[in-house]
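# What the coordinates show
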Amino acid sequence: MPPPLIAVERATAASRVALAAGTALVLIAASLPLWGEPSWMREFVEIACYFIFAMMWNLLAGYGGMVSIGQQAFFGFGGYVMLMLGNFADVNPFVAVPLGALAAGLIAVPVSFVAFRLSGGYFAIGTWVIAEVFRLSFANVSAVGGGSGTTLTALRGIERTTRERTTYWMALACVVAAVALVYLFLRSKRGLALLAIRDNEVAAESQGVPVARMKLAVYVVAAFGAGLAGALYFVGNLRISPDAAFSVNWTAFAIFMVVIGGIGRIEGPLVGALVFWALNKFLSDYGTWYLLGLGLLAIGVTLFFKQGLWGWAQQRWAWSLFPTQRRLLPPAPSFSSSDLERGFHAKHR
């Protein structure tokens, strides 16, 4: 009798519902510029930049185990490259957005030679120092406004409505691409290798995982995503300055969003970005009370929801909108010809 076949489940009921609902939401969102208010589009672009940046930080720290507090270096670098291509090289700013992201990914390669010489807390502090070097460097370049910054003049000839709609559609495409690419990566063998590195580098390397190469790849991808978020943000903002582009608040906000939503989960940055945007939208006028509320919320979540809001919901209701694990299903019972014959005689006995 042949051995029973083992089935592997790659999706869940919740993920199938999420795929259908997500597709419908994306189609509706794509039509928003045709019937929505311009303020709605600007709000979405802001949320999209928060989400993409938090997603990249989650990929780097939540999945790769490399806790960085200097990802704003690539956020600002992508924004400045976009601006320089648009203002000085006559490149369409919307075309310059992916080019700025590509430049951020390329600059991450030599930066990694310095950052990877450190580990643990030293790595985190080292990335912050690198970001400060970026900030001071651009603050001393008079061509881009020095410390006071400058305006994106390349968009002057583009009508405001066209500019806002194009920025919105680009933000929507970037969000969909970021989610899809991160999800597919984590479901691949490389994603499994990344999780092994996060859990134990020595054990992963002993099993043949190329630790150094995987860490470099994830670091470059996270820098590319951060540069994409930065270029997209400053296309919508129309102005850039070193203090705004390289502020440590960007990484602090990303950590807040990932911790609130759930670190090491694709859904975590999405939930955290929505929560952060809502708090920023409705409570930021309260000044110091707003900052105190953010701190209390972060403390409350870390105390009572140690795996984040989505992690708690996933444990309680077994929700998994982006399942990266493979589940082995129990094999179906198999019957031989002798079993069928005995069953037939027993039925007609």
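Bear in mind the structure is a predicted one, so any value in this text is a computation, not a measurement.

### Quick look at the overall build of the chain
Of regular secondary structure, the chain possesses 16 helices and four strands. For the chain, the accessible area works out to roughly 18700 Å², and carbon and sulfur atoms hold 67% of it.

### Here we look at unusual backbone geometry
Of note in this structure, D90 is not a glycine but carries a positive phi near 55°. By the element assignment, D90 lies in the loop between α4 (72-88) and α5 (93-115). At L238, a residue that is not glycine, the phi angle is positive and equals roughly 70°. On the accessibility criterion, L238 (25% relative accessible area) is partly exposed.

### Re the nonpolar core
Ranked by internal contacts, the top residues of the largest apolar core, which has 83 residues, are F74, M82 and Y219. Counting residues per element, this core draws most heavily on helix α3 (residues 38-63), at 15 residues. Apart from residues lying up to four places away in sequence, Y219 is in contact with L60, Q71, F74, A108, V111, S112, A115, F116 and F123. Ranked by size, the runner-up nonpolar core spans five residues in total, among them A29, L32, M41 and L172.

### Overview of α4
An α-helix turns once every 3.6 residues. As a result, residues three or four positions apart point the same way. Over its 17 residues, α4 extends 24 Å from the first C-alpha to the last, a length consistent with the 24 Å expected when each residue adds 1.5 Å. For α4, the tally of buried residues reaches 14 of 17 residues, placing the bulk of the element in the interior.

### Describing a nonpolar patch on the surface
Side chains of F282, L283, Y286, W289, L292, L296, I299, L303 and F304 sit close together on the surface and give an oily, nonpolar patch of about 1100 Å² of accessible area. Put simply, the parts of the chain that give the nonpolar patch at least two residues each are α13 (267-283) and α14 (288-304). Broken down by element, the nonpolar patch gets its largest block of residues, six residues, from α14. One can find L303 in helix α14.

### Description of the state of the cysteines
Each disulfide consists of one covalent bond between the sulfur atoms belonging to two cysteines. By the definition in use, this model includes zero disulfides. C174 supplies the cysteine sulfur nearest to C49, a cysteine that is in no disulfide, at a spacing of 8.4 Å.

### Overview of the packing of aromatic side chains
Across all of its chains, the model carries 25 aromatic pairs by this definition. For the ring pair F53 and W250, a centre distance of 6.4 Å and an interplane angle of 70° mean the geometry is edge-to-face. A residue pair is termed long-range when its members are at least 10 positions apart, and F53 in helix α3 and W250 in helix α12 (residues 249-261) qualify at 197 residues. Exposure remark for F53: the relative accessible area of 2% places this residue in the buried category. With a centroid separation of 5.1 Å and 90° between ring planes, the pair formed by Y233 and F234 is classed as edge-to-face. Y233 sits in the partly exposed class, given a relative accessible area of 22%. It is K215 that lies over the ring of F116; its NZ or CZ is 5.6 Å from the centre.

### Here we look at the pattern of salt bridges
A side chain with one charge can pair with a side chain of the opposite charge if their charged atoms come near. Following the criterion strictly, the structure yields five salt bridges and no others. Its salt-bridge partner being E164, residue R42 comes within 2.9 Å of it at the nearest N-O pair. Taken together, the residues R42 in helix α3 and E164 in helix α7 (residues 160-187) connect sequence positions 122 residues apart. Each of the salt bridges in this network shares a partner with another, and the network as a whole consists of R42, R160 and E164.

Basis of the calculations
- Residues numbered from 1 in each chain as written.
- Predicted model: local features only at pLDDT ≥ 70, side-chain atom pairs only at ≥ 80, totals over all residues.
- Heavy atoms only, no water.
- Helix = DSSP H or I, 4+ residues; strand = E, 2+ residues; numbered from the N terminus.
- Areas by Shrake-Rupley, 256 points an atom, 1.4 Å probe, with all protein chains shown as cover.
- Buried < 20%, exposed > 50% of the residue type's maximum accessible area, 1.4 Å probe, protein only.
- Core = buried A, V, L, I, M, F, W, Y, C linked by side-chain atoms within 4.5 Å.
- Contact = heavy atoms within 4.5 Å.
- Expected span 1.5 Å × (residues − 1).
- Patch = residues over 30% accessible without salt bridge, like charges linked within 9 Å, V, L, I, M, F, W, Y side chains within 5 Å.
- Salt bridge = Lys/Arg side-chain N within 4 Å of Asp/Glu carboxyl O.
- Disulfide = S-S within 2.5 Å.
- Phe/Tyr/Trp six-rings, centres within 6.5 Å; stacked < 30°, edge-to-face > 60°.
- Lys NZ or Arg CZ within 6 Å of the ring centre and 35° of its normal.

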